[in-house]
Amino acid sequence: MPNALKNKLIRVAEPYIGKEEISHVNDCLKRGMISGFISGDYLEEFENLVSKSCGVKYGVATTSGTTALALSVATLGLGPGDEVLVPTLTNIASAFAVVYTGAKPVFVDSEPVTWNLDPEKLHRHINRKTKAIMPVHLYGHPVDMAPVIKIAKKHNLKIIEDAAEAHGAEYHGKKIGSLGHIGCLSFFSNKIVTTGEGGMLVTNDRKIAERARFLKNLGYSNREKFLHTDLAFNYRLTNLQAALGVAQMSRFKKTIEMKRKVAQLYTQRLRQVKGLQLPPELPGSKNVYWMYALVLGKQHPNRQTVREKLIKAGVETRNFFYPMHLQPAFRSMKIVSKSYRLPVAESVAKRGLYLPSSPKLTETQIDRISKTLIKILKD
Ligand SMILES: Cc1ncc(COP(=O)(O)O)c(C=O)c1O
């Protein structure tokens, strides 16, 4: 194989766009059915397909995963004086969504196996102000939801699942997104299902779905359209994007199988490396391996060195998220103090990275990436 081709950059994620996506989008364009308000035939279909895939009754499409989360917090009526428990290891969107309403995110440490929120550490943060928990199913592996649900029931808390990275994952036979009061998905280009940008709030609660639909659409009412009772948003996904999403959903199961195959091929090759922590699949959980995430051992070269050598070999990687409780944005807003420490997340965040995880990666590419990584770790 020529060197130039062999070393072509393998990206962490590439969208899988087929002929059907192109024909659906063209169909919208030809008919002028492009917006997300009046002309939304694909939108309804997309909402139905996605809510069904999460095992719930209702889906409310939004402009992004971030706005699905923000809409959820607003729909539950949370605001100043309220607190929401959010894992510190997550995309900043989870925490921003809480802050937008004036409520306060309270950051919770991770457990060391899946790197998800540690349910055992929830208790210490619960007080009179606590109104909700936002478990985030990181990198495609479900949070251990049974204890989270138990604690939420005990303290009368709402659960908003951030399922942006875990569409299609399962927990003891139940679909991720159906385990709390609301589930939120992202359809950004690196997600399991993409609409370019996009998101969805999914729920089994009709009142929540109706309120969310009302709030996402500037609070236009059925009775007197331009008379507004509430502060609302334009979080409307377009029909054009939903058309792309409908085509993507026709391949949903296949995409997940491909993602799982990619993970299996990596694990076969990397499990021999001493001290390297690979993504788990705990009993009762189905991981969709949104990203093939791993944590370097203390005996390995430092992460920066590993990543630099990988990129030189044409392999793109990303660091784990920077913990929320260390974010300058939240320190300057006085949401967290400098002395606030969450040791498990801090340790994992320093040594975690993820490898290319596109569903269409070939076995040859996975072989090359794995061999390169193994060599770097031994050096
Ligand atoms: C856990 C998590 N939540 C929320 C989001 C935000 O989604 P979006 O980029 O669609 O706004 C992301 C984005 O990747 C994410 O990883």
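Quick notes on the rules
Residues numbered from 1 in each chain as written. Predicted model: local features only at pLDDT ≥ 70, side-chain atom pairs only at ≥ 80, totals over all residues. Helix = DSSP H or I, 4+ residues; strand = E, 2+ residues; numbered from the N terminus. Rg over C-alpha atoms; globule rule 2.2 N^0.38 Å. Buried ≥ 20, exposed ≤ 12 C-beta atoms within 10 Å, placed from the backbone. Contact = placed C-beta atoms within 7 Å. Near = placed C-beta within 6 Å. Nonpolar A, V, L, I, M, F, W, Y, C, P; charged D, E, K, R; others polar. Domains from an automatic or database assignment. Core = buried A, V, L, I, M, F, W, Y, C linked by C-beta atoms within 7 Å. Expected span 1.5 Å × (residues − 1). Arc of directions from axis to C-beta. Pairing = 2+ DSSP bridges. Right-handed = clockwise from strand over helix to strand, strands pointing away. Axes fitted to C-alpha atoms, helices over the stretch in contact; angles between N-to-C directions. Parallel < 35°, antiparallel > 145°, perpendicular 65-115°, else oblique. Left-handed = near helix turned anticlockwise from the far one by under 90°.

Participant: Help me understand the overall build of the protein in this model?
Facilitator: Scanning the protein from terminus to terminus reveals 13 helices and 13 strands. Since a compact globule built from 379 residues should have a radius of gyration of about 21 Å, the 21 Å found for the protein is in line with a globular shape. Each of the 379 residues in the protein was classed as buried or not, and the buried ones make up 48%. Considering only contacts within the protein whose residues lie at least 6 apart along the sequence, 70% involve residues at least 24 apart.

Participant: Explain the site of the ligand to me, please; I cannot follow it from the model alone.
Facilitator: Ser64, Gly65, Thr66, Asn91 and Ser186 are the nearest of the 14 residues found near the ligand. For the shell around the ligand, the secondary structure elements donating two or more residues are helix H4 (65-75) and helix H5 (92-100). Split by residue class, the shell around the ligand holds 4 nonpolar, 8 polar and 2 charged.

Participant: Explanation requested: unusual backbone geometry in the structure shown.
Facilitator: Most peptide bonds take the trans form, and the phi angle of most residues other than glycine is negative. The residue His172 is not glycine, and still its phi comes out positive at about 45°. Within the secondary structure, His172 sits in the loop between strand E6 (170-171) and strand E7 (174-175). Note on His172: 13 C-beta atoms within 10 Å, which makes it partly exposed. For Lys334, which is not glycine, the phi torsion reads 60° and is therefore positive.

Participant: When you look at the domain arrangement of the protein in this model, what are you seeing that I'm missing?
Facilitator: For interface size, the figure often reported is the accessible area lost on association. Taken domain by domain, the protein comprises domain 1 (19-249) and domain 2 (252-378). The C-alpha-based centres of domain 1 and domain 2 are spaced at 24 Å. With 33 residues of domain 1 in contact, the opposing surface of domain 2 contributes 31 residues. For the side of domain 1 that touches domain 2, the elements supplying multiple residues, two or more each, are H5, strand E3 (104-108) and E6. Classifying every residue of the side of domain 1 that touches domain 2 by side-chain character gives 17 nonpolar, 11 polar and 5 charged.

Participant: Sorry if this is basic, but what is going on with the nonpolar core here?
Facilitator: Buried together is how nonpolar side chains tend to be arranged in soluble globular proteins. Counting residues in hydrophobic clusters, the biggest one holds 107 residues, and the most contacted among them are Val73, Val84, Val86 and Tyr292. The residues that make up this core include at least three from each of domain 1 (19-249) and domain 2 (252-378). Once you skip the residues sitting within four places of it in the chain, Val84 turns out to touch Val73, Leu78, Val98, Ala103, Pro105, Val106, Lys131, Ala132 and Met134.

Participant: How should I be thinking about helix H9 (residues 252-270) in this particular structure?
Facilitator: Because an α-helix packs 3.6 residues into every turn, residues spaced three or four apart end up facing the same way. The first and last C-alpha atoms of H9 sit 27 Å apart over 19 residues, in line with the 27 Å expected at 1.5 Å per residue. For H9, every residue scored as buried is listed here: Thr255, Ile256, Lys259, Val262, Ala263 and Tyr266. In an axial view of H9, the angular spread of the buried residues amounts to 120°, which keeps them on one side of the axis. Away from its buried face by more than 90 degrees, H9 exposes Lys253, Lys254 and Gln268. Looking at the buried positions of H9, the neighbouring elements they touch are strand E11 (292-295), strand E13 (352-355) and helix H13 (363-378).

Participant: Help me understand the pairing of strand E5 (residues 158-162), please; the structure alone is not making it clear to me.
Facilitator: Side chains on a regular strand alternate between the two faces of the sheet. The buried fraction of E5 amounts to 5 of the 5 residues, a majority that puts the element mostly inside the structure. Side chains Lys158, Ile160 and Asp162 of E5 all project onto a buried face; the interleaved residues Ile159 and Glu161 project onto the opposite face, where all are buried too. Sheet topology places strand E4 (residues 130-133) next to E5; 2 bridges connect them, and they run parallel. Directly across from Ile133, in E5, lies its bridge partner Ile159. Between the parallel pair E4 and E5, the chain is carried across by helix H6 (residues 145-155), and the sense of this crossover is right-handed. Both E5 and strand E8 (residues 182-186) contribute to a ladder of 3 bridges, which runs parallel. When the bridges of E8 are listed, Ile160 appears paired with Ile182.

Participant: Looking at this structure, I do not really get the environment of Ala93. What am I missing?
Facilitator: Take Ala93: it is sitting in helix H5. Accessibility expressed as a C-beta count within 10 Å gives 21 for Ala93, which makes it buried. Between the C-alpha atom of Ala93 and that of Glu83, which follows or precedes it by 10 residues, the distance is 16 Å.

Participant: I'm lost on H5 in this one. Help?
Facilitator: For H5, the set of buried residues is Ala93, Ser94, Ala95, Ala97 and Val98. Positive backbone phi, at 95°, marks Gly102, one or two positions downstream of H5.

Participant: Please explain the sheet that holds E6 as it appears in this structure.
Facilitator: Within a beta sheet, neighbouring strands are joined by backbone hydrogen bonds and run either parallel or antiparallel to one another. An order of E7-E6-E10 is seen for the 3 strands of this open sheet, with the pairing classed as antiparallel. Looking at which strands have only one partner, the edges of the open sheet turn out to be E7 and strand E10 (285-286). By the bridge criterion, 2 bridges tie E6 to E10 in an arrangement that is antiparallel. Looking across to E10, one finds that Glu170 is bridged to Lys286.

Participant: What exactly am I supposed to notice about the packing of H4 against H5 here?
Facilitator: Packed helix pairs are specified by the crossing angle of their axes together with the interaxial distance, meaning the distance between the axes. In contact at an axis separation of 8 Å, H4 and H5 are set at 40° when each is read in the N-to-C sense. One way to sum up the angle between H4 and H5 is to call them oblique. The interaxial crossing formed by H4 with H5 has right-handed handedness. The residues of H5 that touch H4, namely those facing Gly65, Thr66, Leu69, Ala70 and Val73, are Ala93, Ser94, Phe96, Ala97, Val98 and Tyr100. Of the residues that constitute the contact of H4 with H5, the class distribution is 8 nonpolar, 3 polar and no charged.

Participant: What am I meant to see in the environment of Leu201 here?
Facilitator: With respect to the secondary-structure elements, Leu201 resides in strand E9 (residues 199-203). For the pair formed by Leu201 and Ala61, sequence separation is 140 residues and the distance between their alpha carbons is 6.4 Å. Sequence-distant contacts of Leu201, that is, excluding residues within four places in its chain, are made with Val60, Thr62, Ala68, Leu71, Ser72, Ile182, Cys184 and Ala212.

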